[in-house]
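# Observations on the model geometry
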Amino acid sequence: ARLVLAGAPGDDSAPVHAAVDRLPVDARGRVTTLGSVTAAEREWLLTHAAVLAYPTLDEGFGFPILEAQQAGTPVVASSVGSIPEVGGPAVLLAPPRDAHALAANLHWMISDSAMRTRTIERGRRNADRFSWEATAQHLLSVYRSLVAAP
């Protein structure tokens, strides 16, 4: 398996790069760091990924999870912030900072085709909850309830 790290540099970029540098040479050769990517590159990566590993420790909403689910890519993530709510039952969750649980979930997702298929199907259904159509319908419902209120 290859690990592709994509995204703008963040607060923990230095420790991540240091961890990659400490890997054995053969493992280090299977890690690619891209940095910031365009929308088209992000879409290509998600479409071709075996799984999105999202071990965040602090998350406000979780757009990468929805983008992966829309692309048909299964997601393994940490159980912090909004991730359980946004990802729904379509994300394999691991406790934050539990590298063994994260690795086990990644292995499960890559090696079990039935689990992978089930997770992809659940992910697409989950992403539909956040479509523009669904958002507009929810907003319309709020407006109607406000108009009907005394």
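Whatever comes next refers back to the structure up there.
An account of the accompanying structure is given in this report. (Residues numbered from 1 in each chain as written. Predicted model: local features only at pLDDT ≥ 70, side-chain atom pairs only at ≥ 80, totals over all residues. Heavy atoms only, no water.)

### Some points on the overall build of the chain
Using the following cut-off: Numbering of helices and strands starts at the N terminus; helices are DSSP runs of H or I of at least 4 residues and strands are runs of E of at least 2. Buried means the residue's accessible area, taken with a 1.4 Å probe over protein chains only, is under 20% of the maximum for its type, while exposed means over 50%, and partly exposed covers the values in between. Every residue pair with non-hydrogen atoms within 4.5 Å of one another is taken to be in contact. Charge counting follows a simple rule: Lys and Arg are positive, Asp and Glu are negative, and His as well as the terminal groups are ignored. Here the site of a charge means atom NZ of a Lys, CZ of an Arg, CG of an Asp or CD of a Glu.
Along the backbone of the chain there are eight helices and five strands. Helices and strands in the chain line up, N terminus first, as β-α-α-β-α-β-α-β-α-β-α-α-α. Dimensions of the chain, computed from C-alpha atoms along their principal axes, come out at roughly 70 × 35 × 30 Å. Within the span of the chain, comprising 150 residues, buried residues form 29% of the whole. Across the chain, every contact between residues at least 6 apart in sequence was considered, and the portion connecting residues at least 24 apart equals 53%. A distance of 5 Å separates the average location of the 13 positive side-chain charges in the chain from that of its 15 negative side-chain charges.

### A word on the packing of aromatic side chains
So the rule is basically this: In this analysis, rings of Phe, Tyr and Trp, with Trp reduced to its six-membered ring, are considered paired at centre separations within 6.5 Å, and the interplanar angle assigns stacked below 30 degrees, edge-to-face beyond 60, and tilted for intermediate values.
Per the counting criterion, the structure on display carries two aromatic pairs. Geometrically, the ring pair formed by Phe 61 and Phe 63 is tilted, given 4.7 Å between the ring centres and 45 degrees between the ring planes. Measuring from centroid to centroid gives 5.8 Å for Phe 61 and Phe 130, while their planes differ by 85 degrees, and the two rings are edge-to-face. Placement of the pair is Phe 61 in the loop between β3 (52-54) and α4 (63-71) and Phe 130 in the loop between α7 (113-128) and α8 (132-148), with a sequence separation of 69 residues.

### A closer look at the pattern of salt bridges
Applicable threshold: Put simply, a salt bridge is a Lys or Arg side-chain nitrogen that is within 4 Å of an Asp or Glu carboxyl oxygen.
Evaluated as defined, the whole model comprises one salt bridge. Of the charged contacts in the structure, one is a salt bridge between Glu 67 and Arg 42, with a shortest N-O distance of 3.5 Å. Of this pair, Glu 67 sits in helix α4 while Arg 42 sits in helix α3 (residues 39-48); the two residues are 25 residues apart in sequence, bridging distant segments of the chain.

### Section: the environment of Arg 42
Residue classification places Arg 42 among the partly exposed residues on the basis of a relative accessible area of 34%. Leaving out residues up to four positions away in the same chain, Arg 42 has contacts with Val 37 and Glu 67.

### Brief notes about the sheet that holds strand β4 (residues 75-78)
As a reminder, the rule being used: Should DSSP find at least two bridges between two strands, the strands are taken to pair. Comment: axis = line fitted to C-alpha atoms, over the contacting stretch for helices; angle = value between 0 and 180 degrees taken between N-to-C directions.
As summarised here, the arrangement of the three strands in space is β3-β4-β5, forming an open sheet in which the pairing is parallel. Two strands lie at the open edges of the sheet, namely β3 and β5 (91-94), each paired on one side alone. Between one strand axis and the next, the sheet turns by 20 degrees as a mean value, whatever way the strands run. Bridge count for β3 against β4 is three bridges, and the pairing is parallel. Residue pairing in the sheet places Tyr 54 in a bridge with Ala 77 of β4.

Just distances and angles here, no functional claims.
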